[in-house]
Each structure stands twice: as structure tokens, then as C-alpha cells.
Amino acid sequence: MFYWLLKFVLVGPFIRLYNRPKVEGVENIPTSGPAILAGNHLSIADWLFTPLSSPRRITYLAKSEYFTTPGFRGFLQKAFYAGSGQVPIDRSGADAANAALTTATRLLDEGKLVGLFPEGTRSPDGRLYKGKTGAARLALSTGIPVIPVAVIGTDRVSPPGPFRWRRSRVQVKFGKPLDFSRFEGMAGNRWVERTVTDEIMYELMQMSGQEYVDVYAASLKKDAPARADTVRDFRVPETKAG
């Protein structure tokens, strides 16, 4: 109930009027049954604009810290994330990837749309970074197609740093489902998982127009102080979406 209240009453109308999102490819979302939505990740605003643009509810796997903050603030935060369609995943343990895969598989078995960010974290500079193989593992083990989702402009609406919400146009594109049935029976093959992941990332690059970087975003963030000048030198110029 809270999910739809946010979408149609509390948050959705404001975003539609203030940011005027342009949406393409909604017809690529199945009217029923499971699907994996793999998107680029520019901003915390991504998981608001994408569900707002979808006729069906999208469930995202979120880091468990959003659900474990103590106190009254933590209670409100947990209620918000749970009510808005997030499912907690503990990413600290050695078996975190398998736990995420198990949870995502259960959600797909229930016929839900599961949203994932293959980059694993937000882009630090607007470029598209190397994808992790979780979405590929999920697609190969379940046989469910992957719908690429490209968001453009959310990093201008809510850029990294202290929370801000700016009046900037956003574009959301739902691509045609990617079918990996040609790899049937090859789940667990690391080469195949990397091939599928790279195919997903290539589609996101084509749809978003981002420059692709063949390193993990998380590794760049760890080295941020030493590489800040390099990041600025290669920053993608801002362009208007739509």
C-alpha cells in the first residue's frame, strides 16, 4: 500500500511536475510474470524515477544498512525503504553474493520484477563502469530475460554529496528484453557470466550514451583521493535529456 501511496500521492506527482521525466520503451515491460531489470546507476534518484516510470511494481535489492539504523530515525528509514519496494541484503559476509541470488530468485519465482544495478554502486563521475556478474548469474540460473534500463540526468537532479533535489529533466529508457537462452545449461561458467554481463553493459552504454570504463566503480571510489584529478579530467560533459 505504501509503495502505491508514494508513487501516486506523496512523491510521484511532485516528480512528474518538477522534473517532467520522459519515458521510452514501457511496452518492453511484461504485463505479468517475472523479469530482471538491470540499470545504470548515476544517483540515489534512480530507484525513484525507474519505478515511477513503470506500470508495475519493481523490487530492488538494497544494502541492509538501510534497515538496521537504530533509533527513531532508523525506524522511519526502515519503514520508508521497506514500503517503497526495497528488500535488504547483507553485503558484508563472504556469502553475500549467494544470499542476494537466493533472495532475487525467490522474488522472481513469485512473479515479480526485480531491479538490479550491475555496477554495484553509483558512478562517481557519470561514466558507465564494469558490471558485476550478479544479474548474469540470475538470468542464467532462472532463464528469465533481462530488460536493460537506462536513466539519463538523475545525477543532475540529485548529485553525489549532501542530499539535494534539483529541477532537471530526466529520461528513462526500457530496452528490449535480452534473451540468453543460447547459454542454457551453462550457469556457473565464469566466462559465460562475464560474456552475458558485458552484453548487458554494452546495451546500457548504447542506450544511455555514457562513456564506458572497464574497471569496477567501487575500486575507483576506494582510490578517490589519489585519483580525483584523473576523474575530473575524464568527466562526461552534461547534456540535456529529452
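About the thresholds
- Residues numbered from 1 in each chain as written.
- Predicted model: local features only at pLDDT ≥ 70, side-chain atom pairs only at ≥ 80, totals over all residues.
- Heavy atoms only, no water.
- Helix = DSSP H or I, 4+ residues; strand = E, 2+ residues; numbered from the N terminus.
- Buried < 20%, exposed > 50% of the residue type's maximum accessible area, 1.4 Å probe, protein only.
- Arc of directions from axis to C-beta.
- Contact = heavy atoms within 4.5 Å.
- Salt bridge = Lys/Arg side-chain N within 4 Å of Asp/Glu carboxyl O.
- Axes fitted to C-alpha atoms, helices over the stretch in contact; angles between N-to-C directions.
- Parallel < 35°, antiparallel > 145°, perpendicular 65-115°, else oblique.
- Nonpolar A, V, L, I, M, F, W, Y, C, P; charged D, E, K, R; others polar.
- Phe/Tyr/Trp six-rings, centres within 6.5 Å; stacked < 30°, edge-to-face > 60°.
- Patch = residues over 30% accessible without salt bridge, like charges linked within 9 Å, V, L, I, M, F, W, Y side chains within 5 Å.
- Areas by Shrake-Rupley, 256 points an atom, 1.4 Å probe, with all protein chains shown as cover.
- pLDDT = per-residue confidence, 0-100.

**Quick word on unusual backbone geometry**
Unlike most non-glycine residues, Arg20 shows phi in positive territory, near 45°. Following the sequence through the fold, Arg20 ends up in the loop between helix 2 (12-19) and strand 1 (22-24). With relative accessibility at 47%, the residue Arg20 sits in the partly exposed group.

**Things to note about helix 2**
Every buried residue belonging to helix 2 is among Gly12, Ile15 and Asn19, and all of these are buried. Down the axis of helix 2, the smallest arc covering the buried residues is 70°, so these residues share one side. Buried residues belonging to helix 2 abut helix 1 (2-10), helix 3 (46-53) and helix 8 (154-157).

**Regarding the pattern of salt bridges**
Applying the stated rule across the entire model yields six salt bridges. Ionic pairing is found between Arg127 and Glu211, a salt bridge with its closest N-O pair at 3.9 Å. Placement of the pair is Arg127 in the loop between strand 5 (113-116) and strand 6 (128-129) and Glu211 in the loop between helix 9 (190-208) and strand 9 (212-213), with a sequence separation of 84 residues. Looking at Arg127, the relative accessible area reads 9%, which means it is buried.

**Describing the packing of helix 1 against helix 2**
Across the interface, helix 1 lies against helix 2 with an axial gap of 4 Å and an inter-helix angle of 40°. Relative to helix 2, helix 1 is oriented oblique. Contacts between helix 1 and helix 2 pair Leu6, Lys7, Phe8, Val9 and Leu10 from the former with Gly12, Pro13 and Arg16 from the latter. Across the contact of helix 1 with helix 2, the residue classes tally to five nonpolar, one polar and two charged.

**Brief notes about the environment of Ala45**
As for its position among the elements, Ala45 is in the loop between strand 2 (35-39) and helix 3. Ala45 sits in the buried class, given a relative accessible area of 0%. Remark: the alpha-carbon pair of Ala45 and Trp165, spanning 120 residues in sequence, is separated by 8.9 Å. With residues near it in sequence (within four places) discarded, Ala45 still touches Thr154, Ser158 and Trp165.

**Brief notes about the packing of aromatic side chains**
Considering all chains together, one arrives at five aromatic pairs under this definition. Geometrically, the ring pair formed by Tyr60 and Phe117 is stacked, given 5.4 Å between the ring centres and 10° between the ring planes. In this pair, Tyr60 is assigned in strand 3 (residues 58-63) and Phe117 in the loop between strand 5 and strand 6, connecting sequence segments 57 residues apart. Judged by its relative accessible area of 5%, Tyr60 falls in the buried class. Ring geometry for Phe163 and Trp165: centres 6.3 Å apart, planes at 35°, overall tilted. On the accessibility criterion, Phe163 (61% relative accessible area) is exposed. Three or more aromatic residues link up through ring pairs in this structure, and these residues are Phe49, Phe163 and Trp165.

**What to know about a nonpolar patch on the surface**
The grouping of Phe2, Trp4, Leu5, Phe8, Val9 and Leu10 at the surface amounts to a nonpolar patch, some 540 Å² of accessible area in total. With respect to the helices, strands and loops of the structure, Leu10 is situated in helix 1.

**Structural notes on helix 1**
Looking at helix 1, one finds that the buried residues are Tyr3, Leu6 and Lys7. With its buried residues spanning 90° around the axis, helix 1 presents them on a single face.

**Digging into the confidence of the model for the protein chain**
Residue-level pLDDT values for the protein chain average 85, and 83% of them are 70 or greater. Here residues 225-242 is modelled with pLDDT under 50, and outside its nearest four sequence neighbours on either side it reaches 22 contacts, counting other chains as well.

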